[in-house]
Amino acid sequence: MSSLVQVQGLCKSYRMGRVAVEVLKGIDLEIAPGTTTALVGASGAGKSTLLHILGGLDRPTGGNVTYAGADLFRKSDRELADFRSRSIGFVFQFHHLLPEFTALENVMMPALIARRLPRQVEERARMLLDEVGLGQRLLHRPGELSGGEQQRVAIARALIMEPALLLADEPTGNLDAKTSEAIHDLLTRIQQRTGVSMVVVTHNERIAAGMERIVRLADGLIHTDTLEEK
Ligand code: ADP
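Parameters and conventions
Residues numbered from 1 in each chain as written. Predicted model: local features only at pLDDT ≥ 70, side-chain atom pairs only at ≥ 80, totals over all residues. Heavy atoms only, no water. Near = heavy atom within 4 Å. Polar contact = N/O pair within 3.5 Å; in protein donor to acceptor, adjacent residues only side chain to side chain. Areas by Shrake-Rupley, 256 points an atom, 1.4 Å probe, with all protein chains shown as cover. Helix = DSSP H or I, 4+ residues; strand = E, 2+ residues; numbered from the N terminus. Nonpolar A, V, L, I, M, F, W, Y, C, P; charged D, E, K, R; others polar. Axes fitted to C-alpha atoms, helices over the stretch in contact; angles between N-to-C directions. Parallel < 35°, antiparallel > 145°, perpendicular 65-115°, else oblique. Contact = heavy atoms within 4.5 Å. 1 Å grid on protein atoms, 1.4 Å probe; cavity = no way out; pocket = protein on both sides within 12 Å on 5 of 7 lines; lining within 4 Å. Points joined across faces, edges and corners; volume = space filled by probe spheres on them. Pairing = 2+ DSSP bridges. Patch = residues over 30% accessible without salt bridge, like charges linked within 9 Å, V, L, I, M, F, W, Y side chains within 5 Å. Salt bridge = Lys/Arg side-chain N within 4 Å of Asp/Glu carboxyl O. Core = buried A, V, L, I, M, F, W, Y, C linked by side-chain atoms within 4.5 Å. Buried < 20%, exposed > 50% of the residue type's maximum accessible area, 1.4 Å probe, protein only.

> Go over the site of the ligand, please, and point to the residues and values.
All residues in the neighbourhood of the ligand are listed as Tyr14, Met16, Val23, Ala42, Ser43, Gly44, Ala45, Gly46, Lys47, Ser48 and Thr49. Between the ligand and the protein, one listed contact pairs an oxygen atom with a backbone N or O atom of glycine 44 at 2.7 Å. The separation between an oxygen atom of the ligand and a polar main-chain atom of glycine 46 is 2.9 Å. If the ligand stood free it would expose 560 Å²; the protein chains cover 59% of that surface. When contributions to the shell around the ligand are tallied by element, the ones reaching two or more residues are β1 (5-16) and α1 (47-54). With 3 residues, the single largest contributor to the shell around the ligand is α1. A per-class count over the shell around the ligand returns 5 nonpolar, 5 polar and 1 charged.

> Run through the packing of helix α4 (residues 118-131) against helix α6 (residues 177-194), naming residues and quoting values.
Packed helix pairs are characterised by how far apart their axes lie and by the angle those axes make with each other. Contact pair α4 / α6: the axes reach a minimum separation of 11 Å and the direction vectors enclose 130°. By the angle between their axes, α4 is oblique relative to α6. Touching Met127, Leu128 and Glu131 of α4 are Leu186, Arg189, Ile190 and Arg193, all from α6. Here the residues of the contact of α4 with α6 are counted per class, giving 4 nonpolar, no polar and 3 charged.

> Just give me the short version of empty space enclosed by the protein, but keep the residues and values in it.
Throughout the structure, instances matching the rule amount to 1 cavity of 30 Å³ or more. If you go around the largest cavity, the residues you meet are Pro171, Thr172, His184, Leu187, Val200, Thr202 and Ile207. Tallied by class, the residues present in the lining of the largest cavity amount to 4 nonpolar, 3 polar and no charged.

> Please give an account of the layout of surface pockets that cites residues and values.
Its volume calculated, the largest pocket comes out at about 640 Å³. What lines the largest pocket is a set of 22 residues, and nearest its centre among them are Arg84, Ser85, Ile88, Pro110 and Ile113. Residue assignment for the lining of the largest pocket shows that the elements contributing at least two residues are α2 (77-87), β6 (88-91), α3 (103-113) and α5 (147-159). If you tally residues by element for the lining of the largest pocket, the top one is α2, at 6 residues. Grouping the amino acids of the lining of the largest pocket by side-chain chemistry returns 13 nonpolar, 4 polar and 5 charged.

> Describe the sheet that holds strand β8 (residues 197-201), and please don't skip the residues or the numbers.
Pairing in this open sheet of 6 strands is mixed, and the strands run β6-β7-β8-β3-β9-β10 from one edge to the other. Two strands lie at the open edges of the sheet, namely β6 and β10 (221-227), each paired on one side alone. Ignoring strand direction, the axes of neighbouring strands in this sheet form an average angle of 15°. In the sheet, strand β7 (residues 165-169) pairs with β8 via 5 bridges, with the strands oriented parallel. Residue pairing for β8: aspartate 169 is matched across the bridge by valine 201. Of the strands in this sheet, β6 and β7 are in contact with α2, which crosses β6 at around 80°.

> Talk me through a nonpolar patch on the surface; I want residue IDs and the actual numbers.
A cluster of nonpolar side chains, Tyr14, Met16, Val19 and Val21, forms an exposed patch at the surface whose accessible area comes to about 370 Å². Residue assignment for the nonpolar patch shows that the elements contributing at least two residues are β1 and β2 (19-31). Positionally, valine 19 belongs in strand β2.

> Help me get a handle on the nonpolar core, residues and values and all.
Counting 39 residues, the largest nonpolar core has Val107, Leu129, Val132, Val153, Ile155, Ile160 and Leu166 as the members making the most contacts within it. Top contributing element to this core by residue count: α5, with 6 residues. Ranked by size, the runner-up nonpolar core spans 29 residues in total, among them Val7, Leu50, Tyr67 and Leu217.

> Please set out the sheet that holds strand β4 (residues 62-67) residue by residue, giving values where relevant.
Taken in spatial order, the 4 strands of this open sheet run β2-β1-β4-β5, and their pairing is antiparallel. Looking at which strands have only one partner, the edges of the open sheet turn out to be β2 and β5 (70-71). One ladder, built from 5 bridges, connects β1 with β4; its direction is antiparallel. When the bridges of β4 are listed, glutamine 6 appears paired with threonine 66.

The following block contains the structure:
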């Protein structure tokens, strides 16, 4: 398996006063291009911590993460931010959209910050908003959209830079069952069209079962790693 991401001996501890709390205790994991992985486990197992490190949002205290052969955490903070912007899309439980901007502007923002050509960025943002079913809501601000619609905007924003990896942390954790299902179907459809690798932290067993692979964390280690034949 040629891998997009390779994680070796990953450790993370937090210092709480004089005590170090070990959250990740040596994770080995490979993620192949174009695959879907569910990251599951009890609350506090370290799922978000692992996802944040995979996405270069946080640095590990041991071990390493390589992307296409390059060691992520040898990069400076600035290089890391640059890499994140170009290669990784994030969707969180809460949408983190900018309230004073329209849906279209929110989706365009990461690409404008990366100094892509505005005309092309707008065209792509319109296409993505159309794909997530919000072609008629381009000029709405987040406060004028439902929770499900806000999350659709966040998904479109995560894709504007055409990332190789999409990381989602409980993307439907804040939504009712029916809306969750629709968002999950949307993520699956987008994954199939774009071939992006997707890692989703979820409590939802049904959503997890729809992924090719289920990685279960327990007490800071990979407890089981199940690859479904599809
Ligand atoms: P999960 O996503 O599986 O619920 P997390 O990765 O959020 O688990 O957290 C794992 C453990 O790490 C928890 O015990 C949590 O309290 C601790 N933790 C997470 N972030 C921090 C932090 N910034 N400082 C201290 N402890 C943290």
